[in-house]
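Secondary and tertiary structure notes
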Amino acid sequence: MIRRPDTQDLDTVSAIWLDANREAHAFIPASYWLGHLEEVRAALAQAEVWVFADEARPELLGFVGLQGDYIAGIFVRREARSHGVGRQLLDHVKAGHPRLSLRVYEKNQRAAAFYRREGFRLLETGVDPETEEAELLLEWRRDGSGD
């Protein structure tokens with residue numbers, strides 16, 4: 001089930017964010033993610049956030065955060081990956097937006113491949129000034145333009 005988070009979900013959402021980033025981005029020191037945790041917690045309150053809750057148990061398995069038409073990230077618990085959680089979250093936000101964009105680290109090949117399978121196309125490459133890691137700017141359009 002996809003729903004808006006409750007105030008008591010913030011700790012779980014923050015933990016999923018931290019764990020998923022540390023696992024997917026082993027090429028960036030863990031201290032970077034820990035150093036941004038409080039900033040992210042504050043940003044979550046300002047963003048459009050949707051959580052995926054397991055209907056069989058009251059556990060959050062993942063979430064997506066948006067700032068307008070920009071996907072700040074899709075984060076899924078390790079044990080729930082490759083079970084459709086990310087795709088369902090992405091489909092949910094696609095239904096409400098005619099265009100979406102996001103940035104993904106080039107070294108995060110699993111995520112980049114996922115977004116490309118889901119219809120995102122490369123707009124540009126660049127470097128994240130904070131981490132100095134190569135990143136890709138990807139875009140999806142409902143009408144398929146730009147393909």
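The text that follows walks through the structure, step by step, so that each part is easy to find. Given the structure is predicted, the values throughout are model-derived calculations rather than measurements.

Moving on: helix 1 (residues 10-24). In this model helix 1 runs 21 Å from its N-terminal to its C-terminal C-alpha over 15 residues, within 8% of the 21 Å that 1.5 Å per residue would give. Val13, Ser14, Ile16, Trp17, Leu18, Ala20 and Asn21 are the residues of helix 1 that are buried. The inward-facing, buried residues of helix 1 abut helix 2 (30-46), strand 2 (48-53), strand 3 (60-67) and strand 4 (70-76).

This next bit is on the packing of aromatic side chains. In this structure the tally under the stated criterion is six aromatic pairs. On the numbers, 5.2 Å between centres and 65° between planes, the contact of Phe114 with Tyr115 is edge-to-face. The exposure class of Tyr115 is buried, given its relative accessible area of 8%. Connected via pairs of aromatic rings, a cluster forms that spans Trp17, Tyr32 and Trp33. Of note, Arg4 hangs over the ring of Trp50, and the distance from its end group to the ring centre comes to 4.5 Å.

Another point: the sheet that holds strand 7 (residues 134-141). Overall, mixed pairing links the seven strands, which are arranged 1-2-3-4-5-7-6 in an open sheet. At either margin of the open sheet sits one strand with a lone partner, and together these are strand 1 (2-3) and strand 6 (121-127). The pairing of strand 6 with strand 7 spans six bridges and is classified as antiparallel. Residue pairing in the sheet places Gly126 in a bridge with Glu135 of strand 7. Along the sheet, helix 1 contacts strand 2, strand 3 and strand 4; its crossing angle with strand 3, the most-contacted strand, is approximately 90°.

Quick look at the pattern of salt bridges now. Scanning the entire structure with this criterion turns up 13 salt bridges. One salt bridge connects Arg78 with Glu23, and the closest N-O pair in it is separated by 2.8 Å. In this pair, Arg78 sits in the loop between strand 4 and helix 3 (85-95) while Glu23 sits in helix 1, placing the two residues 55 residues apart along the sequence. Note that Lys94 and Glu118 form a salt bridge whose closest N and O atoms lie 4.0 Å from each other. Remark: Glu118 occurs in the loop between helix 4 (109-117) and strand 6 and Lys94 occurs in helix 3; sequence separation between them is 24 residues.

Glancing now at the packing of helix 3 against helix 4. For the pair helix 3 and helix 4, interaxial distance at closest approach is 12 Å and the crossing angle is 50°. Comparing the axis directions of helix 3 and helix 4 gives the class oblique. Like other packed secondary-structure pairs, helix 3 and helix 4 cross with a definite hand, here right-handed. Residues Gly86, Arg87 and Leu90 of helix 3 pack against Phe114, Tyr115 and Arg117 of helix 4.

Cut-off values and rules
Residues numbered from 1 in each chain as written. Predicted model: local features only at pLDDT ≥ 70, side-chain atom pairs only at ≥ 80, totals over all residues. Heavy atoms only, no water. Helix = DSSP H or I, 4+ residues; strand = E, 2+ residues; numbered from the N terminus. Expected span 1.5 Å × (residues − 1). Buried < 20%, exposed > 50% of the residue type's maximum accessible area, 1.4 Å probe, protein only. Contact = heavy atoms within 4.5 Å. Phe/Tyr/Trp six-rings, centres within 6.5 Å; stacked < 30°, edge-to-face > 60°. Lys NZ or Arg CZ within 6 Å of the ring centre and 35° of its normal. Pairing = 2+ DSSP bridges. Axes fitted to C-alpha atoms, helices over the stretch in contact; angles between N-to-C directions. Salt bridge = Lys/Arg side-chain N within 4 Å of Asp/Glu carboxyl O. Parallel < 35°, antiparallel > 145°, perpendicular 65-115°, else oblique. Left-handed = near helix turned anticlockwise from the far one by under 90°.

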